[in-house]
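Read off the chains here:
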Amino acid sequence: MQAKKRGSAGQRAMRRTMIKDKIGEVRSTTYELPDNEFVYGAHSHPDPEGAGAVLSKWVVGTPSQPKESQQSFIKTNRQATMSGCITARQQREFAKAHPEITFTPPALKKERELAESRRRHFDGPFGMRTNADARESVNELIAAKYTSFRHDETDYPDLTGMKKKGALPKPKPTQASRALQEAGRRKVESRAVIDAPPATGAASADFKLSKFKNVPPRIGQTG
């Protein structure tokens, strides 16, 4: 319901910004409001099918129809031209007479390729083939006749009887790995030379600036 501005035809409407505030109550309105029995809000229409009917009778959706091949007008017109149908009327008649000239949509072609790949996929069984001489029955396996409970207190299972088959060989060194190994070896050798203690009995040379290394001594010489 859209409220209308208050005021008669000859009376000027009240300005909302000019109405004063009142203590303990709201300000006077400038619109014609409905009476106190009016209910605000949108009217809700109840669904004729309740929750009980929905749970007791489940409506199953209708699946979409499978995609089919469509008529290829490019191939049809090409074959019509090769057959001597030159005019548009002759080509239309040729297309109506040969509806079997179709093409496979890309989506349908992809679905067919996926289905073909799934048919080629090996579905099993996987794992190692059971020994033909084995005489273990299902009852003995379920009853754990071949399980030893002597090591129940240990943290890890006993894997001494397990045999590993098909162990992979160590990877071959590459040019990058050899260069990294050589750089590491040189770094270790240079660090060993720096950290090595000085040789005993070797006199260490006194420190001298580079510009004075070629200057001969003058102490004890007469001027």
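Residues numbered from 1 in each chain as written. Predicted model: local features only at pLDDT ≥ 70, side-chain atom pairs only at ≥ 80, totals over all residues. Heavy atoms only, no water.

Chemist: Would you explain the confidence of the model for the protein chain in this entry?
Modeler: The predicted coordinates of low-pLDDT regions are not to be read in fine detail. Residues of the protein chain with pLDDT of at least 70 account for 76%, and the chain-wide mean is 77. Ranking the elements of the protein chain by mean pLDDT puts strand 1 (residues 4–5) last with 56 and helix 6 (residues 175–195) first with 88. (pLDDT = per-residue confidence, 0-100. Helix = DSSP H or I, 4+ residues; strand = E, 2+ residues; numbered from the N terminus.)

Chemist: Help me out: how do you make sense of the pattern of salt bridges in this one?
Modeler: A side chain of one charge can pair with a side chain of the opposite charge if their charged atoms are brought near each other. Counted by the stated rule, this structure contains six salt bridges. Note that E93 and R89 form a salt bridge whose closest N and O atoms lie 3.6 Å from each other. Residue E93 and its partner R89 are located together in helix 3 (residues 88–97), separated by four residues, close to a single helical turn. What makes E93 partly exposed here is its relative accessible area of 47%. Sharing partners across several salt bridges, the network here consists of E182, R185, R186 and E189. (Salt bridge = Lys/Arg side-chain N within 4 Å of Asp/Glu carboxyl O. Buried < 20%, exposed > 50% of the residue type's maximum accessible area, 1.4 Å probe, protein only.)

Chemist: So what exactly am I meant to see when it comes to a nonpolar patch on the surface here?
Modeler: A surface patch of nonpolar side chains, about 440 Å² in accessible area, is lined by F207, L209, F212 and V215. One can find L209 in the segment after helix 6. The class for L209 is partly exposed, based on a relative accessible area of 43%. (Patch = residues over 30% accessible without salt bridge, like charges linked within 9 Å, V, L, I, M, F, W, Y side chains within 5 Å. Areas by Shrake-Rupley, 256 points an atom, 1.4 Å probe, with all protein chains shown as cover.)

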